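Architecture and fold: a report
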Amino acid sequence: MKILAIETSCDDTCAAVLDNDRVLSSVVSTQVEFHKKFGGVVPGIARDKHKEFIDPCIEKALKQAKVTMEKIDYIAVTYGPGLAIALEVGLKKAQALSLEYKKKLIPVNHLEGHALSPFLKDKNGKLYSKVKLNFPFISMIISGGHTELVLVSDFGKYELIGQTLDDAAGEAFDKVARLLKLGYPGGPLISKVAETGDRNKYLLPKPMLKSADFNFSFSGVKTACLVALRKIYAEKNINSNEKLILTQNDPGYYDSKDMVFTKKEIADFAASFEKTMVDILVTKLLAATKKYGVKYVSIGGGVCANNYLRKTMREAFSKKGVIVSIPDKRFCTDNAGMIGIVGYYKGLRKEFSKDPSKVERDPILNFKSG
Amino acid sequence: MKIIKLKNNSSKAINEAILVLQKGGIIVYPTETCYGLGVDPTNQAAVNKLISYKTFRNDKPISIAVSDKKMAEKYVTLNNTAKNLYKEYLPGPFTIISKSKGKVALGVESNIKTQGVRIPKYGFVTNLLKKFGKPITATSANISYKKTPYSVEDIFANTSQKQKDLIDLIIDAGVLPKNDPSTVIDTTLDDVNVLRQGDIILHHKHKVVTRSEEETRVFGEKLAINLINKKLDKPIIVALQGELGTGKTQLCKGLAKSLGIKQEVVSPTFVICREYIVKNDFNKFFHMDIYKLIEPEELWEVGFKEMLSDRNLIVIEWAEKASKIIKDLGETVFVVWINMYHKSENERIIEYGEY
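Since the structure is predicted, the reported quantities are computational estimates derived from the model, not experimental observations. (Residues numbered from 1 in each chain as written. Chains lettered and ligands numbered in written order. Predicted model: local features only at pLDDT ≥ 70, side-chain atom pairs only at ≥ 80, totals over all residues.)

Overview of the sheet that holds strand S3 (residues 22–28) of chain A
All names here are of chain A. The test is simple: Strand pairing is assigned whenever DSSP detects at least two bridges linking the two strands. Only DSSP runs of H or I covering at least 4 residues are called helices, and only runs of E covering at least 2 are called strands; the numbering of each starts at the N terminus. Under this scheme, a helix contributes an axis fitted over its contacting stretch, all axes are lines through C-alpha atoms, and angles between N-to-C directions fall in the 0 to 180 degree range. By definition, residues are in contact whenever their C-beta atoms, placed on the basis of the backbone, come within 7 Å of each other.
One open sheet holds the 5 strands; their spatial order is S3-S2-S1-S4-S5, and the pairing between them is mixed. Strand pairing shows two members of the sheet lacking a second neighbour, S3 and strand S5 (104–109), which therefore form its edges. For this sheet the average axis-to-axis angle between neighbouring strands, irrespective of direction, equals 20°. The sheet contact formed by strand S2 (residues 14–19) and S3 spans 6 bridges and is antiparallel. Pairing of Ala16 across the sheet is with Ser26, part of S3. With respect to the sheet, helix H2 (residues 84–101) is in contact with strand S1 (2–7), strand S4 (74–80) and S5, its orientation differing from that of S4 by roughly 155°. Where helix H9 (residues 337–348) meets the sheet, it contacts S1, S2, S3, S4 and S5, and its direction lies at approximately 135° from that of S1.

What follows is the structure, encoded as structure tokens:
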């Protein structure tokens, strides 16, 4: 079964060709661009970039896979969740190709892609993740827009067991980077500067760590960061122990946008924050494996590219005898390979869209809770 | 095309490079990340030549390399975020995006008037820039979509003779260490124009203090009931201002609760807008975070027009970014402006009023 997969849910334009569960090619526009996200965060621009890259991406994916459009059996495409006007570009392209070449269309949930990415194989049939997962397992999807814990009991059988109640994990990285004046996107930069920092320098709270459910709240971590940074800044700039947080019109008030920090403060803060985030994620995931009695876990989403998280996860889970599958970095961030593998398993179950022209984007699509 | 080996030959290489740059030619030069392509970014003919070499698609912008912050400030406006990044992280493998001053040739800055700037941490380049007294372009020496070049062989592996002929001079420093391309950081999103007092005059201005997240939520619930009771036949906008961590999302959770929305109301930052169906008093509840919009007009790009229909409630976080658009809607909408401040770790001041 040959599948052409298309993914445009955020700011990466992606196309891939699979032969069953084997990736023949996987192209991401940002890989081939020197300047990664040059302004690509703005919705209108994200859409324009997708429109610009979608054809060369698909062309390149087909060429690398040495497959022509005629030989493709199914077209798999992300229809949600994501940026509405970005999703639209990929979906319209897939619909047009489906019509032109008379191919069946398989609409794919982006999150299901992350959940099944541990099953991706290279063209020789070797698992990219090197670890064979067995059902049931728990998939933790963490990215700029997502924080989801999903119980996967079989292909196509998912139950949402936990999610964020406010900010996504990657969003917390971006927002704390914003507080540290690191620009956008700040997540990757936080990890970079954290490497040299002292992870125990600043103690930050871990909201909901002991709650009975598996939900997260990262907005609280962000607010705690702001409060801590205010104190650090005020201690440097105010001699007396006067009240640190006042309203805008009071003297001595620092709007967070006016506070700047030294390289050392940034490194220590980033390291402490990163440790706090990773502790929360690992603790919750461990608790979930215990409650559901599963022996396997996997992670997916952009935040999984974080080296400190990968290392901490490996150590924490091997101690507990839980097998953890951490995908190759290029299948952590958005890619079309993972959309293709969902397409493959849906193809096996004959789950096609009856009328491809009627498929609509769903920006806030999610799994059902149990 | 001429190739100069850099080793023990730095001053000659610099002089030759400057001659080429002054004549509008293209040089290939080493940096701490990879080989770059340099032309004078203020020379239109040179930039056009560079674009034809790179086979750029459409209007992909080109970064520039400068010797120091002072040179950067001739070409871009540095805000606080940028200034701090320059101070702490440059020179180094970072490209910092700022608002452009429009002093470069067409095709260099982005179509939204931003400019990427680098200060390479590579002695030869610093000396070259100082002596040249102007920036040079800092794009990698590969053709668009091809692999990052770490040696002269890498550059030529994917280049046609016609393209090779466009290069005037190569400064060859051998095989460079395989460092990642520079990290691109956009600082322009931090240019939020906070409304000054007097910009917007609020009627029936109120001020409350909440002492916990729970109290902020309850404030949201009461506000929603208040709005429901007005029974207005036009769209309602709740324009929220307040920095990170002031409880904007908590307030929205409260609003949603009074509207009878059962779904968890989570941050809309990533998708810009989240839409919820309301059963009784309204049709739809839209929850937007427009922090990532650079120009207010982009509000229309995310479907704002469709949202502006009767019996819809639209909450906009970082509303100051689109204050003009909201003001221009005039009497066609009912607007409540809300400013949120920190008073202490748990206390928040909420000022609100109708516009």
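Brief notes about the sheet that holds strand S3 (residues 36–38) of chain B
All names here are of chain B. One open sheet accounts for 5 strands, arranged S1-S10-S2-S3-S9; its pairing is mixed. Looking at which strands have only one partner, the edges of the open sheet turn out to be strand S1 (2–5) and strand S9 (139–140). Where S3 lies against S9, 2 bridges are found, and the strand directions are antiparallel. Residue pairing across strands places Leu37 opposite Thr139, the latter belonging to S9. Here helix H1 (residues 10–22) sits on the sheet and contacts S1, strand S2 (27–29), S3 and strand S10 (169–172); the angle it forms with S10, its principal contact strand, is near 155°.

Details of the confidence of the model for chain B
Applicable threshold: pLDDT is a per-residue confidence score from the predictor, ranging from 0 to 100.
Confidence along chain B averages 88 in pLDDT terms, with 94% of residues attaining 70 or more. Scored by ipTM, the complex comes to 0.81, with pTM at 0.81.

Comments concerning the domain arrangement of chain A
Residue and element names in this part refer to chain A. Applied cut-off: What counts as a domain boundary in this text is fixed by an automatic or database domain assignment. For this classification, Asp, Glu, Lys and Arg are treated as charged, while Ala, Val, Leu, Ile, Met, Phe, Trp, Tyr, Cys and Pro are nonpolar and the rest, including Gly, are polar.
Domain assignment breaks chain A into domain 1 (2–123 + 333–358) and domain 2 (137–326). Across the boundary between the two partners, domain 1 contributes 11 residues, which contact 17 residues of domain 2. Top element by residues in the side of domain 1 that touches domain 2 is helix H3 (residues 110–116). It accounts for 4 residues. Broken down by class, the residue content of the side of domain 1 that touches domain 2 amounts to 5 nonpolar, 3 polar and 3 charged.

Considering H1 of chain B
Residue and element names in this part refer to chain B. Short version of the rule: Each residue after the first adds 1.5 Å to the expected span of a helix. To sort residues by exposure, count the other C-beta atoms lying within 10 Å of each residue's C-beta; 20 or more gives buried, 12 or fewer gives exposed, and values between give partly exposed, all with C-beta atoms placed from the backbone. The arc in question is formed by the directions pointing from the helix axis toward the C-beta atoms.
Between its first and last C-alpha atoms H1 spans 18 Å; for 13 residues at 1.5 Å apiece the expected length is 18 Å, and the two agree. Among all positions in H1, only Ala13, Ile14, Ala17, Val20 and Leu21 are buried. Here the buried residues of H1 occupy an arc of 130° about the axis, which is enough to place them on one side. H1 presents Ser11, Lys12 and Asn15 as exposed residues on the side facing more than 90 degrees away from its buried surface. Positive backbone phi, at 80°, marks Gly24, one or two positions downstream of H1.

Things to note about the domain arrangement of chain B
In terms of domains, chain B is made up of domain 1 (2–190) and domain 2 (203–354). Computed over C-alpha atoms only, the centres of domain 1 of chain B and domain 2 of chain B are separated by 44 Å.

Side note on the packing of helix H8 (residues 213–229) of chain B against helix H9 (residues 248–258) of chain B
All names here are of chain B. Cut-off, in case you're wondering: By definition in this entry, angles of less than 35 degrees are roughly parallel, angles greater than 145 are roughly antiparallel, angles of 65 to 115 are roughly perpendicular, and the rest are oblique. Crossings are assigned a handedness: left-handed for a near helix turned anticlockwise from the far helix by less than a right angle, right-handed for a clockwise turn.
Direction vectors running N to C along H8 and H9 enclose 45°, while the axes themselves pass 7 Å from each other. With respect to each other, H8 and H9 are oriented oblique. As H8 runs across H9, the sense of the crossing is right-handed. Residue-level inspection shows Glu213, Thr216, Arg217, Val218, Phe219, Gly220, Glu221, Leu223, Ala224 and Ile225 of H8 in contact with H9, the latter providing Gln250, Leu251, Cys252, Lys253, Gly254, Leu255, Lys257 and Ser258. Classifying every residue of the contact of H8 with H9 gives 8 nonpolar, 5 polar and 5 charged.

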